[in-house]
Amino acid sequence: MFNSPILLDATLRAGDYIGFTFFTGYMSMLAASIFFIIERGTVSDKWKTSLLVSALITFIAAVHYFYMRGVWLETATSPTQFRYIDWTLTVPLMCIEYYLILKPAGAKSGMLVRLILGSLVMLVAGYIGEAVVIEQNVLWGIISTLGWALIIYEIYVGEAAKVAAASNNPVVQKGYNVLRWFTLVGWAIYPIGYMMLPGNLLHGLVEGYDPTKSSPVDLAYNIADAVNKIGFGLVIYTIAKGATAEEKALARA
Ligand SMILES: *C/C=C(C)/C=C/C=C(C)/C=C/C1=C(C)CCCC1(C)C
């Protein structure tokens with residue numbers, strides 16, 4: 001499965017399950033974008049930006065998956081550069097989603113800055129460890145994890161958590177809780193994939209695969225992206241729909 005017999009003729013082989021997930025990733029991200037854009041018309045004005053950002057996240061990912069599946073088919077190697085370009089755009093957009101959700105409850109721009117700073121540390125360090133100095137991937141993985149920890153701190157203990165707790169909107173509070181589960185549990189799939197790199201903690205699980213070729217790390221990342229980008233967007237959608245229904249009920253009362 002990890003060393004699928006890929007011949008470099010740009011066709012998808014029956015046993016290339018990682019290749020399959022590049023295709024399903026591409027198509028499902030594109031479908032999710034269309035869904036969010038069309039559904040945007042059914043929520044009240046103040047939620048439209050949130051749904052647009054959800055659509056942008058899955059659309060940016062869809063375009064990158066389009067390229068990544070091409071790189072995968074033609075070279076049978078991991079398209080690491082495209083992946084990190086994608087994340088560098090989509091993770092800050094997810095930070096913006098947090099900000100948009102909490103802004104009516106009084107979130108300040110400092111919260112957004114801290115979330116984006118944490119993301120940058122996380123992604124730049126991850127890229128260095130995965131693509132520049134792979135021998136040092138453990139050290140850079142630890143630095144990257146500190147960036148992620150900053151984000152977790154902000155949304156569980158820091159100001160974002162306090163603003164959410166003080167919000168008097170139960171729809172927002174419930175949705176916010178689900179969002180941070182994505183950031184804690186869903187995002188954990190990425191470092192688990194990263195730890196399969198040579199010399200790292202979980203490498204033993206995938207011993208024998210050629211790290212310059214087909215890589216189970218990509219399987220982990222492809223699954224994680226679908227869960228976190230589409231799932232996260234669906235939570236935003238649920239919050240927007242719930243809040244819109246509530247506003248309508250209030251207006252009628
Ligand atoms: C849509 C893309 C998302 C939500 C990407 C998230 C990426 C991460 C949470 C990556 C985290 C990493 C670590 C915490 C340590 C090892 C290196 C990374 C970059 C894989």
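Residues numbered from 1 in each chain as written. Predicted model: local features only at pLDDT ≥ 70, side-chain atom pairs only at ≥ 80, totals over all residues. Heavy atoms only, no water.

**Brief notes about the overall build of the protein chain**
1) Next: Of regular secondary structure, the protein chain possesses nine helices and zero strands.
2) Next: Starting at the N terminus and walking to the C terminus, you meet the elements of the protein chain as α-α-α-α-α-α-α-α-α.
3) Next: By the compact-globule yardstick of 18 Å for 253 residues, the protein chain fits well, its C-alpha radius of gyration being 19 Å.
4) Next: Within the protein chain, buried positions represent 48% of all 253 residues. (Helix = DSSP H or I, 4+ residues; strand = E, 2+ residues; numbered from the N terminus. Rg over C-alpha atoms; globule rule 2.2 N^0.38 Å. Buried < 20%, exposed > 50% of the residue type's maximum accessible area, 1.4 Å probe, protein only.)

**Structural notes on the site of the ligand**
1) Next: The full set close to the ligand counts 18 residues, and Trp87, Met122, Ser144, Tyr190 and Lys229 are the nearest of them.
2) Next: Compared with its free state, where it exposes 520 Å², the ligand has 100% of that area covered by protein.
3) Next: Secondary structure elements with two or more residues in the shell around the ligand: α3 (80-102), α4 (109-132), α5 (137-156), α8 (189-194) and α9 (216-252).
4) Next: For the shell around the ligand, the leading source of residues is α3, giving five residues.
5) Next: Within the shell around the ligand, the residues separate by chemical class into 11 nonpolar, five polar and two charged. (Near = heavy atom within 4 Å. Areas by Shrake-Rupley, 256 points an atom, 1.4 Å probe, with all protein chains shown as cover. Nonpolar A, V, L, I, M, F, W, Y, C, P; charged D, E, K, R; others polar.)

**Quick notes on the confidence of the model for the protein chain**
1) Next: The share of residues in the protein chain with pLDDT of 70 or more is 94%, and the mean pLDDT across the chain is 92.
2) Next: Mean pLDDT values for the elements of the protein chain range from 94 in α9 up to 98 in α5. (pLDDT = per-residue confidence, 0-100.)

**Considerations on the pattern of salt bridges**
As a working rule, side chains carrying opposite charge can pair if their charged atoms are close by.
1) Next: Scanning the model with the defined rule gives eight salt bridges in all.
2) Next: Between Arg83 and Asp218 there is a salt bridge, and its shortest N-O distance comes to 2.8 Å. Note that Arg83 is positioned in helix α3 and Asp218 in helix α9, a separation of 135 residues in sequence. Per residue, the accessibility class of Arg83 equals that of Asp218, and both read buried.
3) Next: Arg83 serves as the salt-bridge partner of Asp225, at 3.7 Å between the closest nitrogen and oxygen. Of this pair, Asp225 sits in helix α9 while Arg83 sits in helix α3, and the two are 142 residues apart along the sequence. Each member of the pair Asp225 and Arg83 is classed as buried.
4) Next: Residues participating in the shared-partner salt-bridge network are Arg83, Asp86, Asp218, Asp225 and Lys229. (Salt bridge = Lys/Arg side-chain N within 4 Å of Asp/Glu carboxyl O.)

**Concerning the side chain of Asp218**
1) Next: A residue is classified by how much of its surface remains accessible, and Asp218, at 0% relative accessible area, is buried.
2) Next: Look past the residues within four positions of Asp218 in its chain and what remains in contact with it is Ile18, Phe22, Trp72, Ser78, Pro79 and Arg83. (Contact = heavy atoms within 4.5 Å.)

**With respect to helix α1 (residues 17-39)**
1) Next: With 23 residues, α1 should reach 33 Å at 1.5 Å per residue; the first-to-last C-alpha distance of 32 Å fits that figure.
2) Next: Turning to α1, its buried residues number three or more, namely Ile18, Gly19, Thr21, Phe22, Gly25, Met29, Ala32, Ser33, Phe36 and Glu39.
3) Next: Contacts from the buried residues of α1 go to α2 (45-75), α3 and α9. (Expected span 1.5 Å × (residues − 1).)

**Structural notes on a nonpolar patch on the surface**
1) Next: Side chains of Phe59, Val63, Phe66 and Tyr67 sit close together on the surface and give an oily, nonpolar patch of about 380 Å² of accessible area.
2) Next: Mapped onto the elements, Phe66 comes out in helix α2. (Patch = residues over 30% accessible without salt bridge, like charges linked within 9 Å, V, L, I, M, F, W, Y side chains within 5 Å.)

**Some remarks on the packing of helix α6 (residues 159-166) against helix α7 (residues 170-186)**
Each packed pair of helices is defined by two parameters, the angle between the axes and the distance between the axes.
1) Next: Close contact between α6 and α7 brings their axes to 9 Å; oriented N to C, the two are set at 150°. By the angle between their axes, α6 is roughly antiparallel relative to α7. For the crossing formed where α6 meets α7, the hand is left-handed. In contact with Ala160, Ala161, Ala164 and Ala165 of α6, α7 contributes Gln173, Tyr176 and Arg180.
2) Next: Counted by class, the contact of α6 with α7 contains five nonpolar, one polar and one charged residues. (Axes fitted to C-alpha atoms, helices over the stretch in contact; angles between N-to-C directions. Parallel < 35°, antiparallel > 145°, perpendicular 65-115°, else oblique. Left-handed = near helix turned anticlockwise from the far one by under 90°.)

**Details of the packing of α5 against α7**
1) Next: Between α5 and α7, the shortest axis-to-axis distance is 10 Å and the interhelical angle comes to 165°. Comparing their axes, α7 and α5 come out roughly antiparallel. In this structure, α5 crosses over α7, and the sense of that crossing is left-handed. Facing α5, whose interface residues are Trp148, Ile151, Ile152, Ile155 and Tyr156, α7 presents Tyr176, Arg180, Trp181, Thr183 and Leu184.
2) Next: Across the contact of α5 with α7, the residue classes tally to eight nonpolar, one polar and one charged.

**Digging into the environment of Gly41**
1) Next: Of note, Gly41 is situated in the loop between α1 and α2.
2) Next: Separated by 10 residues in the primary sequence, Gly41 and Leu51 have C-alpha atoms spaced 9.4 Å apart.

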